[in-house]
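Secondary and tertiary structure notes
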Amino acid sequence: MTHQWSRRRRHLLQAMAAGTVLSALPLSLPRAATSPLARSSPSGGASLPAVGLGTWITFNVGDNQRLLDSCADVMKAFFDGGGTVIDSSPMYGSSQNTVGYGLDKLDARDKVFAADKIWTRNGDDTRRQGRESAELWRVDQFNLLQVHNLVSWQAHLDTLKAMREEGAVGSIGITTSHGRRHRELEQIMSSEPIDFVQLTYNPVDRQAEDRLLPLAREKGIGVIVNRPFRQGALTERLANKPLPDWASEIGARSWAQLILKFILAHPAVTCAIPATTRVDHVRENLAAASEPLPDSQLRERIVDTIRSV
Amino acid sequence: MDTLLSYHPGDLLLFSPRVYWALVAGANERYWPMALLSPLAGLWLLWTLARPHQTRRRVSLVLTGCAWLFVTWSFLWGEYRSINWAVTWAIGPFILQGLLLLVLAGKARLLSSPAPHRHLAAIILVAWGTLIHPLGFLLDDRTLIEADSWLLFPDPVAITTLGIVLAIARGPWLALALPIPLLWSVIGGATLLGLGSPIGWGMLCGAVLAMAGWLPLTRARS
């Protein structure tokens, strides 16, 4: 995937802010049956498959060759299934290096939408850490750099904005998880020209629905959803429960797909980034990024059902 | 503060059980037959505690100190650091603990006979660290090669050290040589529980037992 993000980005962001793009477009762009549903990225240059790949814990495998190869297999299935967005962070142990190993092994640098984070309290370290992360990923630069968990966000955002202007990064954003610091995040989304926000959203963690997701739509900010399965706890809890019959109405064949379809049905969501160590789960997740998606009534039914289990 | 309180121990784990135990298995293979020698060395420590002898006690301190230094180099630096950046912060304290035990072995006046409650606590802790803790692999989905023994891994060496120090050190040396293994017992125990390994409870109980043994319930003979 090219790193030459369109210079029309600013223009498009303004257009989105006016509510003329995301809110006016249908939620999904027509794709071949085998490709995952895609969403327009706020940066304008490309549409992003609505299911990405997280690397928290799952890709932190150290130097273990067997596990590195296992992660590369997961990445291969991900790319083969039409996925592009991979997200990591310097905080995630050896995960960045594992992604880099996989990209090298699969010769897949042109397939990835490389999303990483800046995670350091030193506000002067943005560029240095970005460079070190890019070396671990074995990429020239990132498509998206986000300030991790709002750590020293003012200083990092200033540098990231400059880097975006220079073309040293495609898009910039900010992340949180577990529903933390939403008020501060809302202020940043309102006042800063960011392209993406990353937050936790799923049928049992719905705080983002109140203000952040509507604000993202209004401002034309892309939304990346982390912890769709609460780090696996949600799907584990549901594992032995029968999937409701009505799940087939939207083509969901598992609880994981039902949850992902719930998330992707929100009009503000750009993509969800479930993490996994299993090839079959990657395929299952990508398959969830497909029409039909649940309407508002069915979404409430999903919430009620999961909460009652 | 609300944000801090929203974290629970599991949120602090950067890695999965399969990766951690794969590291353990790798270290066991790399340093074979250390895993086999560990329980034998543990039995020797127990004999030393049961039959106090100044030279043997000093040798047990040297052995334990060397174990801390070896674990720092082979596991913390060589393996664990690759999946857990926070381990970097433990390198200094681990080296300090190893050196402290070596200095204690060479310089300090040792207890000839600890108070009964401390002696009992020491024997339980050494038996737990050297013989029982490695059997934790039976309680979760691990194989024998993924068992962590005290000469190779930080958790059992910390528990074993609590026992050795309680039985042998006196006065200010006790206060110097207990805090690091005590702290690691809590950190290691919480980590094991986060990994779904119930043997982590043993580490936490070991820390409590060591604290109880530290209390001056009865006077020891120096």
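All values derive from a computational prediction rather than experimental measurement.

Conventions we followed
- Residues numbered from 1 in each chain as written.
- Chains lettered and ligands numbered in written order.
- Predicted model: local features only at pLDDT ≥ 70, side-chain atom pairs only at ≥ 80, totals over all residues.
- Helix = DSSP H or I, 4+ residues; strand = E, 2+ residues; numbered from the N terminus.
- Buried ≥ 20, exposed ≤ 12 C-beta atoms within 10 Å, placed from the backbone.
- Contact = placed C-beta atoms within 7 Å.
- pLDDT = per-residue confidence, 0-100.
- Core = buried A, V, L, I, M, F, W, Y, C linked by C-beta atoms within 7 Å.
- Nonpolar A, V, L, I, M, F, W, Y, C, P; charged D, E, K, R; others polar.
- Pairing = 2+ DSSP bridges.
- Right-handed = clockwise from strand over helix to strand, strands pointing away.
- Axes fitted to C-alpha atoms, helices over the stretch in contact; angles between N-to-C directions.
- Parallel < 35°, antiparallel > 145°, perpendicular 65-115°, else oblique.
- Left-handed = near helix turned anticlockwise from the far one by under 90°.
- Expected span 1.5 Å × (residues − 1).

Counting its regular elements, chain A contains 11 helices and 10 strands. Scored against the burial criterion, the 309 residues of chain A give a buried share of 49%. Across chain A, contacts joining residues at least 24 apart in sequence account for 78% of those joining residues at least 6 apart.

Turning our eyes to something else, we now look at the environment of T277 of chain A. Residues and elements named next belong to chain A. Within the element layout of this structure, T277 appears in the loop between β10 (271-272) and α10 (279-288). For T277, a count of 18 C-beta atoms within 10 Å puts it in the partly exposed group. Spatially, the C-alpha atom of T277 lies 9.8 Å from that of A72, the residues being 205 residues apart in sequence. With near-sequence residues (within four places) excluded, T277 lies in contact with T58, S70 and V74.

Attention now goes to the confidence of the model for chain A. The pLDDT averaged across chain A works out to 88; a share of 87% of its residues lies at or above 70. Taken as a whole, residues 2-33 of chain A scores under 50 in pLDDT and shows 44 contacts with residues more than four places along the chain or in a different chain.

So, on to the nonpolar core. Within soluble globular proteins, side chains that are nonpolar tend to cluster in buried spots. Judged by nonpolar contacts, the single largest core of 139 residues is most densely connected at V197, V223 and A272 of chain A together with L125 of chain B. The leading source of residues in this core is helix α7 (residues 154-168) of chain B, at 9 residues. If near-sequence neighbours (up to four positions away) are discounted, V223 of chain A is found in contact with V197, L199, L213, A216, A268, V269 and T270 of chain A.

All names here are of chain A. Relative to the assigned elements, A233 resides in helix α8 (residues 233-238). What makes A233 exposed here is the crowd of 12 C-beta atoms within 10 Å. With 71 residues separating them in the primary sequence, A233 and D304 have C-alpha atoms 17 Å apart.

We now examine the interface of chain A and chain B. Many descriptions give the size of an interface as the accessible area lost when the pieces come together. Contact with chain A, which involves 13 residues of that partner, is made by 13 residues of chain B. Among the residues forming the side of chain A that touches chain B, the class breakdown is 4 nonpolar, 6 polar and 3 charged.

Moving on, we come to the pairing of strand β8 (residues 196-200) of chain A. Residues and elements named next belong to chain A. Judged by how many residues are buried, β8 sits mostly within the fold: 5 of 5 residues are covered. Two elements, strand β7 (residues 171-175) and β8, share 3 bridges in a ladder whose sense is parallel. Its bridge partner lying in β8, I174 is registered against V197. Following the chain from β7 across helix α6 (residues 182-191) to the adjacent parallel β8, one finds a crossover that is right-handed. Pairing between β8 and strand β9 (residues 222-226): 5 bridges, direction parallel. The residue bridging L199 from the neighbouring strand is V225, located in β9. Remark: the β8/helix α7 (residues 212-219)/β9 crossover connection has right-handed handedness.

Another aspect to go through is the packing of α7 of chain B against helix α9 (residues 179-194) of chain B. All names here are of chain B. As a packed pair, α7 and α9 sit with axes 9 Å apart at the nearest point and diverge in direction by 140°. Viewed along their axes, α7 and α9 adopt a mutual orientation that is oblique. Along this stretch, α7 crosses α9, giving a crossing that reads as left-handed. Contacts between α7 and α9 involve P154, D155, A158, I159, T161 and L162 from the first element and P181, L182, W184, S185, G188 and L192 from the second. The residue makeup of the contact of α7 with α9, split by class, is 8 nonpolar, 3 polar and 1 charged.

Here we take up the sheet that holds β10 of chain A. Residues and elements named next belong to chain A. Spatial strand order, β3-β4-β5-β6-β7-β8-β9-β10: 8 strands in an open sheet with parallel pairing. Here the strands that pair on one side only, and so sit at the sheet edges, are β3 (53-54) and β10. As defined by bridge partners, strand β5 (residues 113-118) adjoins strand β6 (residues 144-147) across 4 bridges and the pair is classed as parallel. Its bridge partner being in β6, D116 is matched across the sheet by L145. Relative to the sheet, helix α4 (residues 126-137) contacts β5 and β6, its axis offset from that of β5 by approximately 140°.

Residue and element names in this part refer to chain B. At a minimum axis separation of 7 Å, helix α6 (residues 116-132) and α7 run at an interaxial angle of 155°. Between α6 and α7, the crossing angle belongs to the class labelled roughly antiparallel. α6 and α7 meet at a crossing whose hand is left-handed. Where α6 approaches α7, its residues R118, H119, A121, A122, I123, L125, V126, W128, G129 and T130 are matched on the opposing element by P156, I159, T160, L162, G163, I164, L166 and A167. Here the contact of α6 with α7 is composed, by residue class, of 12 nonpolar, 5 polar and 1 charged.

Let's shift gears to helix α10 (residues 200-214) of chain B. Spanning 15 residues, α10 of chain B covers 21 Å between terminal C-alpha atoms, matching the ideal 21 Å at 1.5 Å per step. Buried residues belonging to α10 of chain B abut α6, α7 and α9 of chain B.

With that settled, consider the pairing of β5 of chain A. Residues and elements named next belong to chain A. Of all the 6 residues making up β5, 6 are buried; the element is thus mostly covered by neighbouring parts of the structure. In β5, alternate side chains face the same way, and those of F113, A115 and K117 on one face and A114, D116 and I118 on the other are all buried. Note that strand β4 (residues 85-87) and β5 share 3 bridges and pair parallel. The residue bridging V85 from the neighbouring strand is F113, located in β5. Read from β4 through helix α3 (residues 95-106) to β5, the crossover connection turns out right-handed. With respect to chirality, the unit in which β5 leads through α4 into the neighbouring parallel β6 is right-handed.

Residues and elements named next belong to chain A. Within the secondary structure layout, A114 lies in strand β5. For A114, a count of 28 C-beta atoms within 10 Å translates into the label buried. Each C-alpha atom, one on A114 and one on S88, is 8.5 Å from the other, the two residues being 26 residues apart in sequence. Apart from residues lying up to four places away in sequence, A114 is in contact with I86, W137, V139, F142 and N143.

With 91% of its residues at a pLDDT of 70 or more, chain B shows a mean pLDDT of 90. If you check the scores for this complex, the pTM reads 0.85 and the ipTM reads 0.84.

All right, on to unusual backbone geometry then. A cis amide bond, omega 0°, links E291 of chain A with the succeeding residue P292 of chain A. Its location among the elements puts P292 of chain A in the loop between α10 and α11 (296-308). The omega angle of the peptide bond from W32 of chain B to P33 of chain B is 15°, so this bond is cis rather than trans. Position of P33 of chain B relative to the elements: it lies in the loop between α2 (17-30) and α3 (34-50).

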